[in-house]
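Results of the structural survey
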Amino acid sequence: MTETYSAMNLFLDFSVIGILILGIWLFRWPHRAKFGNLTAAFALACAAALILYRNGTQYPYIILLSLAVGSVAGYWVAKRITMIQIPAMVAFQHGAGGVAAFSLSLAELMRGSQHLGMMNEISGLLGLAIGSLTFSGSMIAGGKLSNKLGQTPRILPKHTWLVMINLIGIIVLIVAALYAPAGSRIFLYTLIILLSVLFGIVFSIRIGGADMPVLISFLNATAGLAAAFCGMIIENKLLISCGATVAASGSILTHVMCRAMNRSLFRVFVPVEESRQKPAVNDEQNRVAGPVEKEVRHQPVEENNFQKAVEIARKADKVIIIPGYGMAVAQAQFEVIDLSNKLLSMGKDVKFAIHPVAGRMPGHMNVLLAEAGVDYDMLEEMDAINPEFRDTDFSLVVGACDVVNPAAIETDGSPISGMPILLTHESKHVVCCNLDDKPGYSGVRNPLYENSNTVLLLGDAKETVRQLLENLSETSPATEESSGRDNPQDSKKEHLDSAITALSSAKKIIIIPGYGMALAQAQFKVVELASLLESMGAEVRFAIHPVAGRMPGHMNVLLAEAEVDYDKLCEMDEINSEFSQTDAVLVFGACDVVNPAAMDTKGTPISGMPILTAHDAKNIIVCNFDAKPGYSGVENTLYENPKTIMVLGDAASTAYDLTDALKAQN
Amino acid sequence: MTNLLLMAGVFLFSFVIGYFLISRIPTLLHTPLMSMTNAISAVTILGVLILFSVTSTRTEQIIGSVAFAMAAFNLVGGFAITDRMLRLFKKKEGGVGNND
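These numbers were taken from a predicted model, which means no experiment stands behind them.

Looking at the overall build of chain B
On a plain count of helices and strands, chain B comes out with 4 helices and 0 strands. Split into buried and exposed, the 100 residues of chain B put 59% on the buried side.

This is the structure we're talking about:
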């Protein structure tokens, strides 16, 4: 496989690399990048032609057939997908690159195991391992990004150990493969592939949500590295060179993404392990599992209590629902979910607190709620939610007793003493929709029922929750004087009006698009609004945070698709100094990237993260879906800024309403 | 040994050149950049061409054709999607963002 390089051949090789570099170099300017892309493609075509010309081929039909299959599929997919799906598409392509890399390594190793040098063999084995893990990792990433898999990180017990053991296993196999007799090597190669595929899966399933851009950039780097190792086996400089360039690119993007989120790469890949609390009281389960006697002796619920409960619900900002097995027995979960949707639509923050022993088996309550259509992001485990009760305005207990019984932590010697409970009693108001006020299975009286801030709505949970929901929908908003967030219809109009006032007088406007805008597919409406504002004489620009979107630069692509001139897309560092002279900022579906808490407070997950300093502007109009925190879970202090106008709801319809109202005004 | 050093040298050199080239690329274009570098990582297709330049066993042929098809998917799909994306980045003629 050694070729004698004539001067001519060397010149040709370097020409190809030169053309490729030119292609990448052209990416520095947006208007030349398209040409750069074609240049790079041309360079690779030249390289292929050169190799064919030099070496010829033994199997033209195999090559033509695989080429046809691969390119038609690639081209077809590339033409079909929408811009919001790009990250998933890129992830799947990384996967294809991984397959190509490990297959090539495998073929070369099988062919050359007799006469390959030590270094070539090590490279081949590394190519095998890295190619395989890129493949499986990308498949997981692609699945998550295309919503085929759950977006949340999935953490297995002892996850870090699993990853480490897996990694050590791969290294041991690689060493073994170097010294094993030729006959058994193929077996070891297969094992390396399998173990690396497993590694890719275990490694990437626990990365999710906001960390996806880091994962996809990292896989970009590993795909390049795998290609470079392939090049090392056959000592081909072009392969090594291209692979190394891609690896460099992926590393840069990984670094950029980490910096933008103020996360260390290590923390992204090794998240703090959640303590998976196993049900502490196992026999509690058995007791809960017993049949619930259907009590006929309902005392009629006092109207008065309902009014109190509705009042509490209306005034609350932060709501936690505690479902117990009684809810499941009453088959009230659908009513509970209707109620939670109603509360959500009123702009409240709603979560479900799941006690480990709620339900018939560990995690059973989650299944029941998931079946009824609850977004599992809203389901919180006990340890995660307990600190939050203190700031909660309204806790709704539905069919749960022992798991919210403060006697468990306040008194000694009772059957439930020491049992971990949901700290419901710490919240400002508690409403209990239980069948009766008798003790639960433990037989311990529940002092929660007697607290002055507890309202009891006794009776069949299905009935009481439905009634609560009806009362909540009926109550006239006019009687409410609290902040206006309580009624979405009227307050939205009011807020829309103040937003219009702010916009129509603004000379300098900055729009901050976030991933929420993309999810709502609102970019076209937003761009329409921007053009309207421009025609009214305002200067309109877009401020792009580095992590807006699901992969580096994704937001720019989405806006470019909506025909925004790229001159108007400003990077964070360039535009941050301008917010103070800006009359109005429009935030569409962005939260963490404009959260001043990143600068003002220490110790939160976003502390130190660079943000767009929207709070410096004269008016801030937030067109987000709700006022809940973003991925970081940190409350956004921008929302409480007196200069901020909150126009909550679907971003596309908000943009549409704003455009309409502005048009009507002119 | 000299060969090994040469290979390591090519790797390091490309990594450094790539690093400097790419760190200058505006964040605006990071998605098309990743998509294009992704297509470039399909250079493994050249490796398969070299593999097929000599007589191969049946197994090698099968593995090689899988590698070739996957690399072609990555290569063509990657460049095509990058091209589609970059066509979206438009700039209006004449002054933009003028307020008058």
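Picking up after the structure, the text goes on.
Structural notes on the packing of helix α2 (residues 30-55) of chain A against helix α2 (residues 30-40) of chain B
Running from N to C, α2(A) and α2(B) point in directions that differ by 5°, and their axes come no closer than 10 Å. With respect to α2(B), the element α2(A) is oriented roughly parallel. Across from A:Asn37, A:Ala40 and A:Leu44 in α2(A), the residues of α2(B) making contact are B:Met36, B:Ala39 and B:Ile40. Among the residues making up the contact of α2(A) with α2(B), the classes are represented as 5 nonpolar, 1 polar and no charged.

A look at helix α22 (residues 554-561) of chain A
All names here are of chain A. Of all 8 residues in α22, 7 are buried, a share of seventy percent or more. Among the residues making up α22, those that are buried are His554, Met555, Asn556, Val557, Leu558, Leu559 and Ala560. Phi turns positive, to about 65°, at glutamate 563, one or two residues after α22.

Points about the nonpolar core
The biggest cluster of nonpolar side chains holds 184 residues, and the ones touching the most others in it are A:Ile509, A:Ile512, A:Phe542, A:Leu586, A:Phe588, A:Leu658 and B:Ile40. With 13 residues, the single largest contributor to this core is helix α4 (residues 86-112) of chain A. A:Ala332, A:Leu343, A:Met378 and A:Leu457 belong to the second-largest nonpolar core, a separate cluster that totals 34 residues.

Section: the interface of chain A and chain B
Note on interface size: it is often stated as the accessible area lost on association of the parts. Each partner contributes residues to the interface: chain A has 106 residues there, and chain B has 81 residues. Buried surface at the junction of chain A and chain B, both sides included, amounts to about 8,700 Å², of which 74% is carbon and sulfur. The interface formed by chain A and chain B contains 1 salt bridge. A salt bridge links B:Glu60 to A:Arg111; the shortest N-O distance between them is 3.1 Å. Counting across the chain A and chain B interface gives 20 residue pairs in polar contact (both at pLDDT 80 or more). Elements with a contribution of two residues or more to the side of chain A that touches chain B: α1 (7-25), α2, α3 (60-80), α4, α8 (212-234), α9 (237-261), α22 and β9 (569-571) of chain A. The element best represented in the side of chain A that touches chain B is α4(A), accounting for 17 residues. Of the residues that constitute the side of chain A that touches chain B, the class distribution is 65 nonpolar, 25 polar and 16 charged.

Some words on unusual backbone geometry
Residue and element names in this part refer to chain A. Its identity as a non-glycine residue notwithstanding, glutamate 235 has a phi of 55°, on the positive side. Following the sequence through the fold, glutamate 235 ends up in the loop between α8 and α9. With a relative accessible area of 26%, glutamate 235 lands in the partly exposed category. For glutamine 521, which is not a glycine, the phi torsion comes out positive at approximately 50°. Inspection of the secondary structure assignment puts glutamine 521 in the loop between α20 (515-519) and α21 (523-535).

Looking at a nonpolar patch on the surface
All names here are of chain A. Together, Met118, Met119, Trp161, Met164, Ile165, Leu167, Ile168, Ile171, Val172, Val175 and Tyr179 make up an exposed nonpolar region whose accessible area comes to about 1,100 Å². When residues of the nonpolar patch are assigned to their parent elements, the largest contribution, 9 residues, is made by helix α6 (residues 159-179). Counting through the fold element by element, isoleucine 168 comes out in helix α6. What makes isoleucine 168 partly exposed here is its relative accessible area of 48%.

Thoughts on the confidence of the model for chain B
All names here are of chain B. Across chain B, pLDDT averages 83, with 88% of residues at or above 70. Mean pLDDT per element in chain B: helix α1 (residues 2-23) is the minimum at 86, and helix α3 (residues 44-51) is the maximum at 91. Considering only residues more than four positions removed or in separate chains, one finds that residues 94-100, a stretch of pLDDT under 50, has 10 contacts. Scored as a whole, the predicted complex attains pTM 0.64, and scored at its interfaces, ipTM 0.90.

Describing the packing of aromatic side chains
Aromatic ring pairs: the centre-centre distance and the angle between the two ring planes describe each pair. Taken as a whole and assessed by the stated rule, the structure comprises 7 aromatic pairs over all chains. An angle of 35° between the planes, with centres 5.9 Å apart, marks the rings of A:Phe203 and A:Phe218 as tilted. Here A:Phe203, found in helix α7 (residues 182-205), pairs with A:Phe218, found in helix α8; they are 15 residues apart in sequence, far enough to count as distant. Its relative accessible area of 24% is what places A:Phe218 among the partly exposed residues. With a centroid separation of 6.2 Å and 25° between ring planes, the pair formed by B:Phe11 and B:Phe15 is classed as stacked. Residue B:Phe11 and its partner B:Phe15 are both found in helix α1; the two are separated by 4 residues, about one turn of the helix.

How each quantity is defined
Residues numbered from 1 in each chain as written. Chains lettered and ligands numbered in written order. Predicted model: local features only at pLDDT ≥ 70, side-chain atom pairs only at ≥ 80, totals over all residues. Heavy atoms only, no water. Helix = DSSP H or I, 4+ residues; strand = E, 2+ residues; numbered from the N terminus. Buried < 20%, exposed > 50% of the residue type's maximum accessible area, 1.4 Å probe, protein only. Axes fitted to C-alpha atoms, helices over the stretch in contact; angles between N-to-C directions. Parallel < 35°, antiparallel > 145°, perpendicular 65-115°, else oblique. Contact = heavy atoms within 4.5 Å. Nonpolar A, V, L, I, M, F, W, Y, C, P; charged D, E, K, R; others polar. Core = buried A, V, L, I, M, F, W, Y, C linked by side-chain atoms within 4.5 Å. Buried area = accessible area lost by both parts, 1.4 Å probe. Salt bridge = Lys/Arg side-chain N within 4 Å of Asp/Glu carboxyl O. Polar contact = N/O pair within 3.5 Å; in protein donor to acceptor, adjacent residues only side chain to side chain. Patch = residues over 30% accessible without salt bridge, like charges linked within 9 Å, V, L, I, M, F, W, Y side chains within 5 Å. Areas by Shrake-Rupley, 256 points an atom, 1.4 Å probe, with all protein chains shown as cover. pLDDT = per-residue confidence, 0-100. Phe/Tyr/Trp six-rings, centres within 6.5 Å; stacked < 30°, edge-to-face > 60°.

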